[in-house]
4 protein chains.
Amino acid sequence: MLNELKEEVYHANLDLADYGLVLFTFGNVSGFDHGKGWIVIKPSGMDYRRMKPRDMVVVDLEGNVVEGRLRPSTDTPTHLELYKAFPEIGGIAHSHSTYATAWAQAGKNIPILGTTHADHFSQPVPCTAVMTPEVVDGDYERETGRTIVSTFNDINYLHVPGVLVRNHGPFTWGKDPKEAVYNSVILEELTRMACITLAINPETTMNRALIRKHYERKHGKDAYYGQ
Amino acid sequence: MLNELKEEVYHANLDLADYGLVLFTFGNVSGFDHGKGWIVIKPSGMDYRRMKPRDMVVVDLEGNVVEGRLRPSTDTPTHLELYKAFPEIGGIAHSHSTYATAWAQAGKNIPILGTTHADHFSQPVPCTAVMTPEVVDGDYERETGRTIVSTFNDINYLHVPGVLVRNHGPFTWGKDPKEAVYNSVILEELTRMACITLAINPETTMNRALIRKHYERKHGKDAYYGQ
Amino acid sequence: MLNELKEEVYHANLDLADYGLVLFTFGNVSGFDHGKGWIVIKPSGMDYRRMKPRDMVVVDLEGNVVEGRLRPSTDTPTHLELYKAFPEIGGIAHSHSTYATAWAQAGKNIPILGTTHADHFSQPVPCTAVMTPEVVDGDYERETGRTIVSTFNDINYLHVPGVLVRNHGPFTWGKDPKEAVYNSVILEELTRMACITLAINPETTMNRALIRKHYERKHGKDAYYGQ
Amino acid sequence: MLNELKEEVYHANLDLADYGLVLFTFGNVSGFDHGKGWIVIKPSGMDYRRMKPRDMVVVDLEGNVVEGRLRPSTDTPTHLELYKAFPEIGGIAHSHSTYATAWAQAGKNIPILGTTHADHFSQPVPCTAVMTPEVVDGDYERETGRTIVSTFNDINYLHVPGVLVRNHGPFTWGKDPKEAVYNSVILEELTRMACITLAINPETTMNRALIRKHYERKHGKDAYYGQ
């Protein structure tokens, strides 16, 4: 069942580990089958080096396990909220990569300071609001998803394919699991650069024309980067 | 004698080196056999790459070598104090990992700034008090253990499985040697993240409900992380 | 056509990836054939691990593709401006290496703080001026080249073989593609050192005699470093 | 001639590269034969991966090449001054390791903040004074050695086996080339830790009893670390 997507999700999870974005069993990647309306996701607390494509768990949009002998990632309800609210995405990655997690802990948006950011995210990467104790003590993982979605009320999720969950870490997405992981790698690097930049010059800025130019040359209707 | 525990201790010591937490002969891991009341520990000043499982030294709780042709780690008396005071642990790791050691040198507790910390340590990681010259010039390594133990007068050692020894470095523990090393890796990473976070926003905080939620979902009686 | 230069450019591009100066398809290296007046450059958006020497694109100084089935790097017009203005160079490298890019984002020149810098760059590494929205919205990549060239009105490009393009990243050059990449590696390392140095002592200085001595012993007419 | 020492010096130079303390042809290690009064040193500007033990150059204490078809390191006169002034050393290493070089650029001594430092250096690691333009323009490399030696007028070179040359980088020494490189690795790590520590708590201190205890347990007459 969904064997091709299981392979994709499996390899994208391994990429998360290979790019150094997770330790031990941290993190998870999922993929969405738009036809069935089901997601495929990493099992909870599973060692990246021991798992197999067939260990990936199939879950419907209500969170019921459709197939799989293992429990899905505890963060599954967060993924589900994102797939329901962001209809054009096909993959989601969650890591505890060092710099993006550290910035999420700082509780701030990541400003656009350079073209590495602007090539991939058209605006600052937002950090979610503090979740109230009531929400945390409720349906926590689902509420995490809802908090992300409400952060994007005024932001186009296709132009800003990631977010920092406050005091937690990054979630990124894309058209498929592989692109979601790609955006996690980019987010980690642009965050690391932003840390260094602000240590050198806390007052630095980037003008809007340059931000738009870089985003558009890769993603606009007249994009001319690549083959 | 205790061959299985020697293998465990040997491999946990190699893990310490493989995870990049020690240079040269720095650091040491031990394991405790609750039945015999003996510990197995790395020999002093031994190259990680040359030692064999049979080089591990067996020591009783008074510090007498029960078996082994090599001298046990100079830090053995510190380990002994911890095994005597913390009856439910079965392994201890000591490293000079860069960030945790640097923070120990700073002489401060590590505040909880994110879920990576809260998933593993339910409170700030404490830093021990300054040892007086009299204590340093006395039975130094044993006094180091006593200083750690007194730091945990009001802290549950099972919920906070590690400590920073001031101006020295981290000690972590767990149910076995492998878990002790796991906690050393986690401590190093959460310390590194805390350094970066505080450089971005020295005023950041994390609310208590979120700390409790994350610790409980992994370690509480209704834990639901993992298989 | 230009097969030897294609091999050189191909290997210099791989070096850029092997030295950890680029992620994914970021960055590009080119080489110049002074006889033909043509450049050889990496194709746009190409995966470093999949490309072959024959994928390198040959372009004339007006930017016309002379040979190659792939589109040349989007940064090709920047390279062309540099080859036209700096007649003695034979290779150019552009990366998004972490520290040099972060410093470019900070919008400052890199001061000379030590001999690692002075051994390779006789003066501070300049950062270009902000490009106006009109220039960014015009012939952007060509204007980037012109902005670099005007930065070198009063700087000898042979003694300072690199620049930070503001909010973007570093460009370096040399007598051939290999030397251009060498200078990118050096620039990354001296920038990293400068970040750390200024964190320790923001007021530090280096006297001019020592700067001149180190530059001259490697590059002056009486150079005595090497064989 | 001195084939055994050539092998030692050759391997110690490779270690310098393998531990990540140098880029390209940077750095050099030498060894001293107390019987002959000759040193063996890396050739100038030589690629670490291409050199052979037989490429090592033999030089007498006046700097004359006794044997070798290659030119010795440009830093040879610095090594000679150290061997003449510090009679009990048998090896010297010079690197451009990132943190030690950055701290040398900052022009400050490295304070003792923890036991990693105190285990190896009994006092702060000194940074040399600024060299005057006259001295720089004179017999520069020999003057570098003299500046180091005068820095040790009141410091025991056996208890503090290394120094930061201001605006340049570290030199370390030991009983043989291997120990000199060992001390370079330690110096790099303790410097990195000191950078991080001071970012967390610029006011931190370490008491003298603990410094003395750690240095003595490894190096004192009643040392009890190791086998």
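Coordinates for the structure precede this section.
1. Considering the side chain of Lys218(A)
Item 1. Relative to the elements of secondary structure, Lys218(A) occurs in helix H8 (residues 208-219).
Item 2. For the buried residue Lys218(A), which engages in no salt bridge, the nearest side chain bearing the opposite charge is Asp119(A), 4.8 Å off.
Item 3. For Lys218(A), the residues in contact, after removing those within four places along its chain, are Asp119(A), His120(A), Tyr182(A), Ala223(A), Tyr225(A) and Phe26(C).

2. Some points on the sheet that holds strand E1 (residues 28-33) of chain D
Residues and elements named next belong to chain D.
Item 1. As summarised here, the arrangement of the seven strands in space is E4-E3-E2-E1-E5-E7-E6, forming an open sheet in which the pairing is antiparallel. At either end of the open sheet lies a strand with only one pairing partner, and these are strand E4 (65-67) and strand E6 (162-165). Across the sheet, the mean angle separating the axes of adjacent strands is 25° when strand polarity is ignored.
Item 2. Here E6 pairs with strand E7 (residues 169-174) via four bridges, running antiparallel. Bridge pairing links leucine 164 to proline 170 in E7.
Item 3. Across the face of the sheet, helix H7 (residues 177-200) comes into contact with E1, strand E5 (91-94), E6 and E7 while running at roughly 140° to E7.

3. Here's the deal with the pattern of salt bridges
Item 1. Evaluated as defined, the whole model comprises 56 salt bridges over all chains.
Item 2. Residues Arg146(B) and Glu143(B) are paired through a salt bridge, measuring 3.3 Å at the closest nitrogen-oxygen approach. Taken together, the residues span about one helical turn, with Arg146(B) and Glu143(B) both in helix H6 (residues 140-151) at a distance of three residues.
Item 3. What makes Arg146(B) partly exposed here is its relative accessible area of 41%.
Item 4. Its salt-bridge partner being Asp55(D), residue Arg69(D) comes within 2.6 Å of it at the nearest N-O pair. Of this pair, Arg69(D) sits in the loop between E4 and helix H2 (76-85) while Asp55(D) sits in the loop between strand E2 (38-41) and strand E3 (57-60); the two residues are 14 residues apart in sequence, bridging distant segments of the chain.
Item 5. Residue class for Arg69(D) comes out exposed when judged on its relative accessible area of 64%.
Item 6. Since its relative accessible area comes to 5%, Asp55(D) is described here as buried.
Item 7. Each of Glu81(A), Lys84(A), Asp139(A), Arg142(A), Glu143(A) and Arg146(A) takes part in a single network of salt bridges with overlapping partners.

4. Quick notes on the interface of chain C and chain A
Item 1. Between chain C and chain A, the contact holds 34 residues from the first and 33 residues from the second.
Item 2. Both sides of the chain C and chain A interface together cover about 2,900 Å² of buried area, and 56% of this is carbon and sulfur.
Item 3. Counting across the chain C and chain A interface gives three salt bridges.
Item 4. Note that Arg217(A) and Asp75(C) form a salt bridge whose closest N and O atoms lie 3.5 Å from each other.
Item 5. Sorting the residues of the side of chain C that touches chain A by element identifies helix H3 (98-106), helix H5 (133-137) and helix H6 (140-151) of chain C as the ones contributing at least two each.

5. Some details on the arrangement of the chains
Item 1. If you take every C-alpha in chain B and every C-alpha in chain C, the smallest gap between them is 12 Å, and the two do not touch.
Item 2. Kept free of each other, chain A and chain D leave a smallest C-alpha distance of 12 Å between them.

6. Focus: the relation of the copies chain C and chain A
Item 1. Superposition record for chain C on chain A: RMSD 0.0 Å, screw rotation 90°, translation along axis 0.0 Å. Given the turn and translation reported, the copies of this chain are related as if by a four-fold rotation axis. Distance from the rotation axis, computed per C-alpha, reaches its smallest value in chain C at Ala199(C): 5.8 Å.

7. A word on the environment of Ile110(D)
Residues and elements named next belong to chain D.
Item 1. Mapped onto the fold, isoleucine 110 is located in the loop between helix H3 (98-106) and helix H4 (115-118).
Item 2. Separated by 66 residues in the primary sequence, isoleucine 110 and serine 44 have C-alpha atoms spaced 29 Å apart.
Item 3. Setting aside chain neighbours within four positions, we find isoleucine 110 in contact with Trp103, His117, Pro124, Val125, Leu164, Leu187, Leu190, Thr191 and Ala194.

8. Some thoughts on unusual backbone geometry
The general pattern is negative phi for most residues beyond glycine and trans for most peptide bonds.
Item 1. A positive phi angle is found at Leu2(B), which is not glycine, with a value near 50°.
Item 2. Assignment of secondary structure puts Leu2(B) in the segment before helix H1 (3-18).

9. Topic: the environment of Asn167(D)
Item 1. Here Asn167(D) is to be found in the loop between E6 and E7.
Item 2. Accessibility expressed as a relative area gives 5% for Asn167(D), which makes it buried.
Item 3. Distance from Asn167(D) to Thr116(D), taken between C-alpha atoms, is 24 Å for residues 51 residues apart in sequence.
Item 4. Among the polar contacts listed, one links the side chain of Asn167(D) to the backbone oxygen of Leu113(C), at a separation of 2.9 Å.

Procedures and definitions
Residues numbered from 1 in each chain as written. Chains lettered and ligands numbered in written order. Predicted model: local features only at pLDDT ≥ 70, side-chain atom pairs only at ≥ 80, totals over all residues. Heavy atoms only, no water. Helix = DSSP H or I, 4+ residues; strand = E, 2+ residues; numbered from the N terminus. Buried < 20%, exposed > 50% of the residue type's maximum accessible area, 1.4 Å probe, protein only. Lys, Arg positive; Asp, Glu negative; His and termini not counted. Salt bridge = Lys/Arg side-chain N within 4 Å of Asp/Glu carboxyl O. Contact = heavy atoms within 4.5 Å. Pairing = 2+ DSSP bridges. Axes fitted to C-alpha atoms, helices over the stretch in contact; angles between N-to-C directions. Buried area = accessible area lost by both parts, 1.4 Å probe. Least-squares fit on C-alpha atoms with pLDDT ≥ 70 in both. Polar contact = N/O pair within 3.5 Å; in protein donor to acceptor, adjacent residues only side chain to side chain.

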